[in-house]
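Reading the structure
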Amino acid sequence: NAGVTQTPKFRILKIGQSMTLQCAQDMNHNYMYWYRQDPGMGLKLIYYSVGAGITDKGEVPNGYNVSRSTTEDFPLRLELAAPSQTSVYFCASSYPLGGDTEAFFGQGTRLTVV
Amino acid sequence: AQSVTQLDSQVPVFEEAPVELRCNYSSSVSVYLFWYVQYPNQGLQLLLKYLSGSTLVKGINGFEAEFNKSQTSFHLRKPSVHISDTAEYFCAVSVFSLSDSSYKLIFGSGTRLLVRP
């Protein structure tokens with residue numbers, strides 16, 4: 001039972017490079033989320049999706065893009081990496097009911113931009 | 001706007017002592033409340049949740065939390081902690097957004113529980 005799988009686990013990027021953080025879930029969840037975690041700041045919502053083909057901005061969307069072509073996958077794209085995007089990124093998913101069900105998290109991707 | 005406040009960034013405590021991690025939320029509508037735990041180099045996992053009904057909620061690993069609507073608080077407690085409870089704890093609220101008819105999970109800044117022998 002894989003749950004939520006994130007790849008890669010670690011990545012170092014140079015300023016201006018681009019990359020895609022992959023997230024896949026095998027629980028048939030409609031809701032999927034991307035968060036970033038910075039020390040002392042908790043988790044900030046970047047983007048979320050309530051189903052295939054539907055995405056929306058969270059609290060800190062600038063510098064990121066997402067797509068949701070299937071229920072299973074929710075990739076996060078960084079187009080022009082900046083040092084401010086150095087963070088740990090978590091993908092999560094939850095059942096369609098959303099509000100009263102728990103979110104399941106991946107193991108995280110630690111990204112460093114130099 | 002909804003928000004979650006965890007006033008204590010770090011709580012040191014000796015093994016077998018009781019602990020309380022504080023969480024306050026602000027919301028003008030009904031919310032669902034959660035506590036998540038993050039062990040070193042891992043993702044978050046659910047400790048417990050409050051949806052409705054009894055205000056005292058019991059979770060895994062001996063943790064419990066009490067929902068207090070008048071004080072808009074959802075403090076986490078454990079009567080006797082173990083070394084293995086050393087982790088970061090996040091309080092979260094799930095709030096329905098009328099603008100797009102979806103739920104959003106909003107997290108506090110986290111409290112690092114450090115259990116010493």
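Quick note: structure is the one above.
In this text, all values refer to a predicted model and were calculated from it rather than measured experimentally.

1. Regarding the pairing of strand S11 (residues 109–113) of chain A
All names here are of chain A.
- Of the two faces of S11, only the one carrying Thr 109, Leu 111 and Val 113 is buried; Arg 110 and Thr 112 on the other face are not.
- Bridge count for strand S2 (residues 10–13) against S11 is 4 bridges, and the pairing is parallel. Across the sheet, the residue bridging to Ile 12 is Thr 112, located in S11.
- Pairing analysis gives 3 bridges linking strand S9 (residues 87–94) to S11, with the strands arranged antiparallel. Within the sheet, the bridge partner assigned to Ser 87 lies in S11 and is Leu 111.

2. Focus: the state of the cysteines
All names here are of chain B.
- Tallying each qualifying case throughout the model produces 2 disulfides over all chains.
- Residue Cys 23 pairs covalently with Cys 91 via a disulfide, S to S 2.0 Å. Because the sign of the S-S torsion sets the handedness, a value of about -65° for the bond joining Cys 23 and Cys 91 places this disulfide among the left-handed ones. Pair noted here: Cys 23 is in the loop between strand S3 (19–21) and strand S4 (24–26) and Cys 91 is in strand S10 (residues 87–97), with a separation of 68 residues, a long-range link.
- Residue classification places Cys 23 among the buried residues on the basis of a relative accessible area of 0%.

3. Thoughts on the pattern of salt bridges
Residue and element names in this part refer to chain B.
- A complete count under the given rule lists 8 salt bridges over all chains for this structure.
- Note that Lys 58 is salt-bridged to Glu 64, the shortest N-O span being 2.9 Å.
- Given a relative accessible area of 21%, Glu 64 falls into the partly exposed group.
- Put simply, Asp 85 and Lys 78 hold a salt bridge, and the shortest N to O gap is 2.8 Å. Assigned by exposure class, Asp 85 and Lys 78 land together as buried.
- Connected through shared salt-bridge partners, Glu 20, Glu 66 and Arg 77 make up one network.

4. Overview of the sheet that holds strand S8 (residues 76–78) of chain A
All names here are of chain A.
- The 4 strands are arranged S1-S3-S8-S7 in an open sheet whose pairing can be described as antiparallel. Pairing within the sheet leaves two strands with one partner each, and these edge strands are strand S1 (4–7) and strand S7 (64–66). When the angles between neighbouring strand axes are averaged without regard to direction, this sheet yields 20°.
- Where S7 lies against S8, 3 bridges are found, and the strand directions are antiparallel. Looking at S8, one finds that Tyr 64 is bridged to Leu 78.

5. Regarding the nonpolar core
Residues and elements named next belong to chain B.
- The biggest cluster of nonpolar side chains holds 30 residues, and the ones touching the most others in it are Leu 33, Trp 35, Leu 47, Leu 48, Phe 74, Leu 76 and Tyr 89.
- Counting only elements with at least two residues in this core, the list comes to strand S2 (10–14), S3, strand S5 (32–38), strand S6 (44–50), strand S8 (64–68), strand S9 (73–78), S10 and strand S12 (111–116).
- Here this core takes 5 residues from S10, the largest share from any one element.
- Setting aside residues up to four positions removed in sequence, Leu 33 forms contacts with Tyr 25, Leu 48, Lys 49, Tyr 50, Phe 67, Phe 74, Ala 92 and Val 93.

6. Overview of the interface of chain A and chain B
- Between chain A and chain B, the contact holds 25 residues from the first and 23 residues from the second.
- Here chain A meets chain B over a buried area of about 1,800 Å², counting both sides, of which 56% is carbon and sulfur.
- Where chain A touches chain B, the interface holds 4 residue pairs in polar contact (both at pLDDT 80 or more).
- Those elements that provide at least two residues to the side of chain A that touches chain B are strand S4 (31–38) and strand S5 (42–51) of chain A.
- Among the elements that line the side of chain A that touches chain B, the one with the most residues is S5(A), at 5 residues.

7. Regarding the environment of Leu98(B)
All names here are of chain B.
- If you trace the backbone, Leu 98 turns up in the loop between S10 and strand S11 (102–107).
- Note on Leu 98: relative accessible area 75%, which makes it exposed.
- For the pair formed by Leu 98 and Val 57, sequence separation is 41 residues and the distance between their alpha carbons is 28 Å.

8. Comments concerning the environment of Phe74(B)
All names here are of chain B.
- By the element assignment, Phe 74 lies in strand S9.
- Under the relative-accessibility criterion, Phe 74 is labelled buried at 0%.
- Separated by 51 residues in sequence, Phe 74 and Cys 23 have C-alpha atoms that sit 5.3 Å apart.
- Apart from the residues lying within four places of it in its own chain, the contact partners of Phe 74 are Cys 23, Leu 33, Phe 34, Trp 35, Leu 48, Lys 49, Tyr 50, Ala 65, Glu 66 and Phe 67.

Here is what the cut-offs are and how they apply
Residues numbered from 1 in each chain as written. Chains lettered and ligands numbered in written order. Predicted model: local features only at pLDDT ≥ 70, side-chain atom pairs only at ≥ 80, totals over all residues. Heavy atoms only, no water. Buried < 20%, exposed > 50% of the residue type's maximum accessible area, 1.4 Å probe, protein only. Helix = DSSP H or I, 4+ residues; strand = E, 2+ residues; numbered from the N terminus. Pairing = 2+ DSSP bridges. Disulfide = S-S within 2.5 Å. Salt bridge = Lys/Arg side-chain N within 4 Å of Asp/Glu carboxyl O. Axes fitted to C-alpha atoms, helices over the stretch in contact; angles between N-to-C directions. Core = buried A, V, L, I, M, F, W, Y, C linked by side-chain atoms within 4.5 Å. Contact = heavy atoms within 4.5 Å. Buried area = accessible area lost by both parts, 1.4 Å probe. Polar contact = N/O pair within 3.5 Å; in protein donor to acceptor, adjacent residues only side chain to side chain.

Read these as geometric descriptors, not functional statements.
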